[in-house]
Amino acid sequence: MMNNPHSPARTAYPHGTGGHLSTDSGPYGPEFAMPFTSTPRGASLARRLVAVRLHEWGIPYGTTPHEAIVLISAELIANAVRHGHVPGRDFHLRLRPTSLPDPVARVEVTDTRGERLPPQPDALVDPGLEEGGRGLLLVSELAHRWGWHPRPEGPGKTVWAEYLVSGQSGTRTGGRS
């Protein structure tokens, strides 16, 4: 368990654990990428780390962009744990803010279950009174755009979403496109 969730050193595997954490700056800016156990505890930790990283990258706690990106991440993570779980396999989270041409936060969640695929963005339907099925509708409303593709290095899929960030004003700029 983390003693100080705001400490960058406490949000990653210790050095020498095989490079599971990436905070390198790529062509689009800093990146956070890490595998998590496909369990409720792994999902909770992943959501916390998304919130911490966003704050560290200048999208502060309490702003609409921060809350929206954390909620989008939480929905994609929950789907990976609930629908993409394969015993003994982790899900992988990648969070990357970009600034070209507009500031965007991109969230990618990869699982190893290939036979349970989400609908395409234009094929979402309202579940009505059903118990579940609203997560991707929520992602669709908050994200600038979203989609999924097969996992290139093996079975499974990557579901991704991009949130258009408009500075730190706290105003919502996401939505369907």
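An account of the accompanying structure is given in this report. (Residues numbered from 1 in each chain as written. Predicted model: local features only at pLDDT ≥ 70, side-chain atom pairs only at ≥ 80, totals over all residues. Heavy atoms only, no water.)

What follows is about the sheet that holds strand β5 (residues 104-111). In spatial order, the strands read β3-β4-β5-β7-β6; together these five strands make up an open sheet with antiparallel pairing. The open sheet has two free edges, formed respectively by β3 (32-37) and β6 (145-150), since each of these has just one partner strand. Recorded for the sheet is a direction-independent mean angle of 15° between the axes of neighbouring strands. Judged from the six bridges that link them, β3 and strand β4 (residues 90-98) form a sheet pairing that is antiparallel. Bridge pairing links A33 to R94 in β4. Across the sheet, helix α2 (residues 64-83) touches β4, β5 and β7 (157-164), and the angle it forms with β7 is around 170°. (Pairing = 2+ DSSP bridges. Helix = DSSP H or I, 4+ residues; strand = E, 2+ residues; numbered from the N terminus. Axes fitted to C-alpha atoms, helices over the stretch in contact; angles between N-to-C directions. Contact = heavy atoms within 4.5 Å.)

The next thing to look at is the packing of α2 against helix α3 (residues 135-142). It is the contact of α2 with α3, at a shortest axis distance of 9 Å, that shows an interaxial angle of 150°. Comparing the axis directions of α2 and α3 gives the class roughly antiparallel. In this structure, α2 meets α3 at a crossing whose hand is left-handed. Along its contact with α2, which presents A68, L71, I72, E75, L76 and N79, the element α3 presents G135, L136, L138, V139 and L142. For the contact of α2 with α3, the class distribution of residues is eight nonpolar, two polar and one charged. (Parallel < 35°, antiparallel > 145°, perpendicular 65-115°, else oblique. Left-handed = near helix turned anticlockwise from the far one by under 90°. Nonpolar A, V, L, I, M, F, W, Y, C, P; charged D, E, K, R; others polar.)

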